[in-house]
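# Architecture at a glance
If you want the building blocks of each chain, they are given just below.
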Amino acid sequence: MTVDRYAAAEGFYKLAMAYAPVPDLHIMWLLHLCDAHQEMQSWAEAAQCAVAVAGVIMQVVIFAPVLSFIPAILTYSVWSFVTSETFLQALVGRNDAVWSKEHVASLRKICPIVNTDVSAEASAAEVEGYGASKLTVDSAVKYLQLANNLFTQAELYHFCASIQELIISVYKSRRAYGQLAKCHTSLTNIYESILEQEASPIPFIDATYYRVGFYGERFGKLNKKEYVFREPRDVRLGDIMEKLSHIYEAKMDGSHTLHIIPDSRQVNADELQPGVCYLQITAVDPVMEDEDLGSRRERIFSLSTGIVRARVFDRFLFDTPFTKNGKTQGGLEDQWKRRTVLQTEGSFPALVNRLLVTKSESLEFSPVENAIGMIETRTAALRNELEEP
């Protein structure tokens with residue numbers, strides 16, 4: 001039986017979020033999720049889990065000295081949790097005056113889940129497990145180092161640089177010169193790797209992204225929803241089609257079959273055949289922050305311009321050729337192009353491999369605009385070749 005690792009990872013994620021007010025269980029499920037991602041070789045997602053764990057510990061060690069000022073308005077169960085004698089003894093004084101709210105904010109730029117507000121309805125009872133005595137600066141450093149190693153495997157060196165700065169601040173305060181020497185050597189290697197990525201004539205691609213639409217009652221909660229999947233950079237469209245086909249064919253019963261929609265045309269769910277479950281899988285490109293989405297130019301050079309930046313994406317797009325007479329392809333005078341821009345619930349890399357599409361917008365380019373865009377693309381390609389040394 002084919003295991004749905006995407007669903008399994010999301011299960012760990014939901015459990016981690018449910019226990020967010022309880023550091024012990026929150027960390028435990030984040031570490032289970034980290035292990036699951038490492039088994040899938042989803043290094044960036046595993047690194048995000050390690051960052052989230054470090055963020056939880058950083059918040060505890062930073063705010064522990066002010067726990068005694070929590071107002072008495074809290075319920076007895078919460079009060080007993082935060083004022084437990086052993087809990088306070090384990091935490092007070094463990095920050096070493098190293099980190100502040102600004103350091104947590106810098107970590108949140110890598111992993112937005114860090115410092116997220118917790119629902120007041122969630123349980124906050126004191127539990128035994130991970131142990132308050134392990135919520136220390138040293139344990140936070142351990143998970144920051146794990147995140148650094150995982151981001152290195154993912155070749156996301158910008159994140160590594162930010163993490164090393166947090167670790168260096170700890171060793172500076174302790175005058176641990178041997179550890180500082182190792183950190184600065186590592187930081188030198190990180191910056192050299194960034195320079196190598198920027199100098200490469202081939203644009204750096206850390207991952208591939210695919211929009212997957214689910215249509216069919218057999219998909220349950222996924223029905224009529226779209227997700228963007230983040231996959232390793234060597235995963236091609238055929239690979240993910242085969243992978244998802246194996247996962248969801250195993251979930252079909254005798255009265256349902258699975259069908260892959262082979263193109264990116266707009267789908268009207270009401271016109272699909274009953275008893276058939278449809279997957280529409282489309283390769284999408286991440287959108288840069290300063291990118292002109294209304295440009296007529298093809299996007300083959302859009303990711304190669306400028307320096308390599310931190311690879312954080314929450315918008316994606318794909319182009320679909322069409323004609324007004326219903327055909328996909330036509331003559332130059334009939335060929336239109338539809339550009340679809342997707343907004344996801346959160347940004348990649350995330351703690352999970354897929355994110356829900358929350359917004360979709362489309363732009364249409366007429367045959368004349370489409371032709372001008374093709375000319376602009378070829379001109380840019382020729383200019384790029386002539387300017388190369």
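Residues numbered from 1 in each chain as written. Predicted model: local features only at pLDDT ≥ 70, side-chain atom pairs only at ≥ 80, totals over all residues. Heavy atoms only, no water.

### Structural notes on the overall build of the protein
In terms of regular secondary structure, the protein is built from 11 helices and seven strands. Total accessible area on the protein is roughly 20,500 Å²; 54% of this is exposed by carbon and sulfur atoms. (Helix = DSSP H or I, 4+ residues; strand = E, 2+ residues; numbered from the N terminus. Areas by Shrake-Rupley, 256 points an atom, 1.4 Å probe, with all protein chains shown as cover.)

### Thoughts on the pairing of strand E6 (residues 336–348)
Here strand E5 (residues 313–322) runs beside E6; their pairing, made up of nine bridges, is antiparallel. Its bridge partner being in E6, Phe316 is matched across the sheet by Leu342. The sheet contact formed by E6 and strand E7 (residues 354–365) spans eight bridges and is antiparallel. Within the sheet, the bridge partner assigned to Thr344 lies in E7 and is Val357. (Pairing = 2+ DSSP bridges.)

### Points about the pattern of salt bridges
With the rule as written, the count across this model stands at 13 salt bridges. Across the pair Glu39 and Arg5 runs a salt bridge, and its minimum N-O distance is 3.8 Å. Of this pair, Glu39 sits in helix H2 (residues 23–39) while Arg5 sits in helix H1 (residues 5–18); the two residues are 34 residues apart in sequence, bridging distant segments of the chain. Across the pair Arg211 and Glu226 runs a salt bridge whose closest N-O atoms are separated by 3.4 Å. Of the two residues, Arg211 sits in strand E1 (residues 207–215) while Glu226 sits in strand E2 (residues 225–232), which places them 15 residues apart along the sequence. Judged on exposure class, the residue Arg211 and its partner Glu226 are both buried. In the salt-bridge network here, residues are joined through shared partners; they are Glu45, Asp206 and Arg230. (Salt bridge = Lys/Arg side-chain N within 4 Å of Asp/Glu carboxyl O. Buried < 20%, exposed > 50% of the residue type's maximum accessible area, 1.4 Å probe, protein only.)

### Description of the side chain of Thr208
Tracing the chain through its elements places Thr208 in strand E1. Of note is the side chain of Thr208, whose polar atom sits 3.0 Å from the backbone oxygen of Pro232. (Polar contact = N/O pair within 3.5 Å; in protein donor to acceptor, adjacent residues only side chain to side chain.)

### A few points about unusual backbone geometry
Here the residue pair Phe348 and Pro349 is connected by a cis peptide bond, since its omega of -5° sits within 30 degrees of zero. Assignment of secondary structure puts Pro349 in the loop between E6 and E7. For Arg175, which is not glycine, the phi torsion reads 55° and is therefore positive. Here Arg175 is to be found in the loop between helix H8 (157–174) and helix H9 (177–199).

### What to know about the confidence of the model for the protein
The predicted model of the protein averages 80 in pLDDT, with 78% of residues at 70 or higher. Note that pLDDT drops below 50 for residues 66–93; the model gives that stretch 30 contacts with residues more than four away or on any other chain. (pLDDT = per-residue confidence, 0-100. Contact = heavy atoms within 4.5 Å.)

### Focus: the side chain of Asp4
Summarising the element assignment, Asp4 is placed in the segment before H1. Separated by 3.3 Å, the side chain of Asp4 and the backbone nitrogen of Tyr6 make a polar contact. At a separation of 3.0 Å, a polar atom in the side chain of Asp4 contacts the side chain of Lys251. Asp4 has contacts with Ile247, Tyr248 and Lys251, leaving out every residue within four places of it along the chain.

### Quick look at the packing of aromatic side chains
A complete count under the given rule lists 11 aromatic pairs for this structure. Look at Tyr209 and Phe313: their rings are 6.2 Å apart centre to centre, the planes differ by 85°, and that puts the pair in the edge-to-face class. Placement of Tyr209 in strand E1 and of Phe313 in strand E5 is noted, with a sequence separation of 104 residues between them. By relative accessible area, Tyr209 is classed as buried at 2%. Its relative accessible area of 3% is what places Phe313 among the buried residues. With 5.8 Å between their ring centres and 75° between their planes, Phe316 and Phe348 make a pair best called edge-to-face. Placement of Phe316 in strand E5 and of Phe348 in strand E6 is noted, with a sequence separation of 32 residues between them. (Phe/Tyr/Trp six-rings, centres within 6.5 Å; stacked < 30°, edge-to-face > 60°.)

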